[in-house]
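# Reading the structure
In case you want the letters, here they are:
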Amino acid sequence: ASQIPVSSATGRFRQCNGLCELDLVAQELPEMIADPRPRRLEEPGFAHSEATSLIVWRHAGASLIAPLVLDNKLIGVMLLGQRVNHAPLNDEDMDLLQTLVATVTPLIANSFLYSEKAHLSARYRLMLDSVRQAMFVFNAQGTLRLANQTAAELICALVDSDFGGGPAGLPMETVFPDNVFPSWI
């Protein structure tokens, strides 16, 4: 499966370009995948690490990282800077952050899947429209699910109607009227 390169940042991180590719992070910091919990950058093991990811994140002003891991795959990293009032995060704050990460990680993964599905649907549509013959896709109930451009133009000519939103959803009887296609259905 391909990984969609996504970058999103708010606050002071908005101006940071190249906060590190996830593949590099996963390679440099496998412990974040093995134990995906929020961590302070000053924790032992991270404080003096020369990992490129950590250096970049420290330079950007991050003080806390929360890996977004799903099925042992790093799909993102949440970076947090200091609080506005500079108060340290306590254990309760860290638990709340862990709950937030556990909640948003599957949602983010689903958004990646939805984006990939939309991309594949658009590609399928382009391929279908490249066919010069009329192509119709009906479901088991006889409802038109998809028609290429040639098929849509044919339907409009046969039914003498313009389907502004496209012909999807039409019953087979409307697409192939008996007066034009006797005994087809």
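This section reports on the structure supplied with the text. (Residues numbered from 1 in each chain as written. Predicted model: local features only at pLDDT ≥ 70, side-chain atom pairs only at ≥ 80, totals over all residues. Heavy atoms only, no water.)

## Points about the nonpolar core
- In terms of nonpolar packing, the biggest core is built from 15 residues, with L29, M32, L54, W57 and I65 touching the most fellow members.
- Those elements that provide at least two residues to this core are α1 (22-28), α2 (31-34), α3 (52-60), β2 (64-70) and β3 (73-80).
- If we skip the residues at most four places from it in the chain, L54 touches L29, L41, F46, S49 and I65. (Core = buried A, V, L, I, M, F, W, Y, C linked by side-chain atoms within 4.5 Å. Buried < 20%, exposed > 50% of the residue type's maximum accessible area, 1.4 Å probe, protein only. Helix = DSSP H or I, 4+ residues; strand = E, 2+ residues; numbered from the N terminus. Contact = heavy atoms within 4.5 Å.)

## With respect to helix α4 (residues 91-130)
- Here α4 spans 58 Å end to end across 40 residues, near enough to the 58 Å set by a 1.5 Å rise per residue.
- Of all the bends in α4, the largest measures some 25° and sits at V104, one to four residues before the proline P106.
- Inspection of α4 places M94, L97, V101, T105, A109 and L128 among the buried residues, and these make up the whole buried set.
- Looking at the buried residues of α4, the elements they touch are β1 (39-40), β2, β3 and β5 (144-147).
- Backbone nitrogen of E92 and a side-chain oxygen of the N-cap are separated by 3.0 Å at the start of α4; the cap is N90. (Expected span 1.5 Å × (residues − 1). Bend = angle between axes of the 7 residues up to and from the residue. Polar contact = N/O pair within 3.5 Å; in protein donor to acceptor, adjacent residues only side chain to side chain.)

## A word on the pattern of salt bridges
- Under the counting rule described, the total for this entry stands at 5 salt bridges.
- Here D93 ties to R83 by a salt bridge, and the two come within 2.5 Å at their closest N and O atoms. Placement of D93 in helix α4 and of R83 in the loop between β3 and α4 is noted, with a sequence separation of 10 residues between them.
- With relative accessibility at 33%, the residue R83 sits in the partly exposed group. (Salt bridge = Lys/Arg side-chain N within 4 Å of Asp/Glu carboxyl O.)

## Topic: a nonpolar patch on the surface
- On the surface, Y124, M127 and V137 cluster together to form a nonpolar patch covering roughly 270 Å² of accessible area.
- Take Y124: it is sitting in helix α4.
- Taking relative accessible area as the criterion, Y124 reaches 40% and is therefore assigned partly exposed. (Patch = residues over 30% accessible without salt bridge, like charges linked within 9 Å, V, L, I, M, F, W, Y side chains within 5 Å. Areas by Shrake-Rupley, 256 points an atom, 1.4 Å probe, with all protein chains shown as cover.)

## What to know about the side chain of E43
- Residue position: E43 is located in the loop between β1 and α3.
- Residue contacts for E43: discarding those within four places in its chain leaves R37 and P38.

## Thoughts on helix α5 (residues 149-159)
- A151, A152 and I155 are the residues of α5 that are buried. Buried residues along α5 cover an arc of 100° about the axis, so they all sit on one side. (Arc of directions from axis to C-beta.)

## Things to note about the side chain of T105
- Within the secondary structure layout, T105 lies in helix α4.
- Among residues more than four places away in sequence, those in contact with T105 are L68, V69, L70 and I75.

## Comments concerning the sheet that holds β3
- Read across the open sheet, the 3 strands follow the order β1-β2-β3; overall the sheet is antiparallel. The open sheet terminates on both sides in strands that have one partner only, identified here as β1 and β3.
- Along the sheet, α4 contacts β1, β2 and β3; its crossing angle with β2, the most-contacted strand, is approximately 45°. (Pairing = 2+ DSSP bridges. Axes fitted to C-alpha atoms, helices over the stretch in contact; angles between N-to-C directions.)

## A word on the packing of aromatic side chains
- A full pass over the atoms with the stated rule returns 6 aromatic pairs.
- Look at F176 and W184: their rings are 5.4 Å apart centre to centre, the planes differ by 40°, and that puts the pair in the tilted class.
- Residue F176 is classed as buried on the basis of its relative accessible area, which comes to 12%.
- Classification of W184 as exposed rests on a relative accessible area of 55%.
- Of the aromatic side chains, those joined through ring pairs into one cluster are F136, F138, F176, F181 and W184. (Phe/Tyr/Trp six-rings, centres within 6.5 Å; stacked < 30°, edge-to-face > 60°.)

## A short note on unusual backbone geometry
- One non-glycine residue with positive phi stands out, namely H86, at about 65°.
- Among the secondary structure elements, H86 is positioned in the loop between β3 and α4.
- Given the relative accessible area of 56%, H86 is considered exposed.
- If you check the backbone angles, S183 has positive phi at about 65° while not being a glycine.
- By secondary structure assignment, the location of S183 is in the segment after α6 (172-175).

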